[in-house]
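# Results of the structural survey
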Amino acid sequence: MMGRDRALERARYDQTTAYETVACSGDTTSSFFSLTDGRRPQLDAVSQRYGLIFLTIGGDDVNFAGIVKDCLISAFVEPLKCKKLLTNAERLLSDGTIESRLKHVLSAIQERANPLATIALLGYPYLESDVHYELDKGTPAAYNVGKWLRAIEARGNAIQEQLVNELNSQDHTHGLVFVNVEKLFAGHELSAEASTPNRWFVEPLTDSTLASHETWYHPNPRGWAEEARLLLADPSIPKHVPSAAAPPVTAPPSPPPPAPPTPAHVPPTGPTLVYDGDTAANFEDGDTGFEDWRGAAGQS
């Protein structure tokens, strides 16, 4: 999808803008490098023309959609499947798998992007507002989903922030930025056991139908607007086109070749004596010797 950023085009920034969106719900880090449902790799959209690149990535690598469905939506909750999903997500975050995948994506973007572009990695908000939310309540198998899920999400955001700092230090740059949104969404998360009127998320079966499951637990229009305000206010996100985005400076033209030397004037008649003193034998200083004169003028 192509469009324009109205916030940057208005005063006080007055920037002419254009953007391309290739984000897609359900995509994993592999979607940056391969065809997904007939769509080109997302990395193909990265080019030198853009001064800002925004992305949120990694949640679907730990099966975000499955966790939401089997752990948080009462109509679909399956405690055993939920526990397996949370255990697997925890493993992927602990064994370096997610860190490796994110590093691969960010490094690939850096290689293609304008050297002065800012790459902003937007973190994830907490999904469940109640840290005491449990499944299998009142049974020996009961476990705290709210606390467990929050620990997984906090770990994921910490890995992203650490990775951004590591890559910046490695390349001696500040081109990568991590933007944490946990505090921004605090108090506006959904609850698995109660409706939340001040929510900034799409509430399943209330704000969307069963067929629109790909939007569940994503930010709603208010949530997107608040994230946009956060990015606009963040001093690490530039609001003007980087100088490298201007047309490249071309090398100055090569100087013209030197003009040919003026031919020596040879008198038409009479003997000619040329005296070049002590430098006659030094052919590197530009003087003309006796033998040179003989060859050029045909005279003794």
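Being a predicted model, the structure only gives us computed values, none of them experimental.

Let us look at the sheet that holds strand 7 (residues 176–179). Read from one edge of the open sheet, three strands run 3-4-7, paired in parallel fashion. Because the sheet does not close on itself, it has two edges, and the strands there are strand 3 (52–55) and strand 7. Each adjacent strand pair in this sheet contributes to an overall mean axis angle of 20°, direction not counted. Across four bridges, the pairing between strand 4 (residues 118–122) and strand 7 is parallel. By the bridge assignment for strand 7, Ile-119 is matched with Leu-176. Contacts from helix 5 (residues 145–171) reach strand 4 and strand 7 within the one sheet, and its direction differs from that of strand 7 by about 160°.

Their axes nearest at 8 Å, the elements helix 2 (residues 64–72) and helix 3 (residues 79–94) cross at an angle of 145°. Classified by chirality, the crossing of helix 3 by helix 2 is left-handed. The segment helix 2 lies against helix 3, with Gly-66, Ile-67, Asp-70 and Cys-71 engaging Lys-81, Cys-82, Leu-85, Leu-86 and Ala-89. Broken down by class, the residue content of the contact of helix 2 with helix 3 amounts to six nonpolar, one polar and two charged.

For the rest of this paragraph, the subject is the side chain of Asn-157. When you line up the elements, Asn-157 lands in helix 5. Relative accessible area serves as the criterion here: at 3%, Asn-157 is assigned to the buried category. Contact partners of Asn-157, with chain neighbours within four places excluded, come to Gly-123, Tyr-124, Phe-178 and Glu-182.

Before going further, it helps to spend a moment on the layout of surface pockets. Within this model, the second largest pocket holds a volume of roughly 210 Å³. Of the residues belonging to the lining of the second largest pocket, the class tally is four nonpolar, four polar and three charged.

By size, the foremost hydrophobic cluster in this structure holds 57 residues, and its most contacted members are Leu-55, Leu-72, Leu-86, Leu-106, Ile-109, Val-145 and Tyr-217. Elements that contribute at least two residues to this core include exactly strand 3, helix 2, helix 3, helix 4 (97–112), strand 4, helix 5 and strand 7. Element by element, the count of residues in this core is highest for helix 5, at eight residues. Filtering out sequence-adjacent residues up to four positions away, Ile-109 remains in contact with Phe-32, Leu-43, Val-46, Ile-53, Leu-55 and Ile-119.

A word on the environment of Arg-39. Take Arg-39: it is sitting in the loop between strand 2 (19–20) and strand 3. Taking the C-alpha atoms as reference points, Arg-39 and Val-22, 17 residues apart in sequence, are found 9.2 Å from one another. With near-sequence residues (within four places) excluded, Arg-39 lies in contact with Cys-24, Asp-27 and Ser-34. Here the side chain of Arg-39 touches Asp-27 through a polar contact of 2.9 Å, side chain to side chain.

Let us now look at unusual backbone geometry. Each neighbour pair has its own omega, and for Ala-11 with Arg-12 the value is 20°, a cis peptide bond. Topologically, Arg-12 is positioned in the loop between helix 1 (6–9) and strand 2. In this model, Asp-14 sits at a positive phi of 50°, which is unusual for a non-glycine residue. Position of Asp-14 among the secondary structure elements: in the loop between helix 1 and strand 2. Phi at Asn-63 is positive, roughly 65°, even though this residue is not glycine. Mapped onto the fold, Asn-63 is located in the loop between strand 3 and helix 2.

Before going further, it helps to spend a moment on the packing of aromatic side chains. Under the definition given, this model contains five aromatic pairs. Both rings, one in Phe-32 and one in Phe-33, keep their centres 6.5 Å apart while their planes meet at 50°; by these two values the pair is tilted. Of the residues examined, Phe-33 reaches a relative accessible area of 33% and is grouped as partly exposed. Aromatic side chains Tyr-143 and Trp-148 sit 5.9 Å apart centroid to centroid with 75° between the ring planes, which places their arrangement in the edge-to-face category. We note that Tyr-143, like Trp-148, is buried. By the ring-pair criterion, three or more aromatic residues cluster together here, those being Phe-185, Trp-200 and Phe-201. Just above the ring of Tyr-126 sits the side chain of Arg-150; from NZ or CZ to the centre is 4.2 Å.

Calculation notes
Residues numbered from 1 in each chain as written. Predicted model: local features only at pLDDT ≥ 70, side-chain atom pairs only at ≥ 80, totals over all residues. Heavy atoms only, no water. Pairing = 2+ DSSP bridges. Helix = DSSP H or I, 4+ residues; strand = E, 2+ residues; numbered from the N terminus. Axes fitted to C-alpha atoms, helices over the stretch in contact; angles between N-to-C directions. Contact = heavy atoms within 4.5 Å. Left-handed = near helix turned anticlockwise from the far one by under 90°. Nonpolar A, V, L, I, M, F, W, Y, C, P; charged D, E, K, R; others polar. Buried < 20%, exposed > 50% of the residue type's maximum accessible area, 1.4 Å probe, protein only. 1 Å grid on protein atoms, 1.4 Å probe; cavity = no way out; pocket = protein on both sides within 12 Å on 5 of 7 lines; lining within 4 Å. Points joined across faces, edges and corners; volume = space filled by probe spheres on them. Core = buried A, V, L, I, M, F, W, Y, C linked by side-chain atoms within 4.5 Å. Polar contact = N/O pair within 3.5 Å; in protein donor to acceptor, adjacent residues only side chain to side chain. Phe/Tyr/Trp six-rings, centres within 6.5 Å; stacked < 30°, edge-to-face > 60°. Lys NZ or Arg CZ within 6 Å of the ring centre and 35° of its normal.

No statement about biological role is implied by the geometric values presented.
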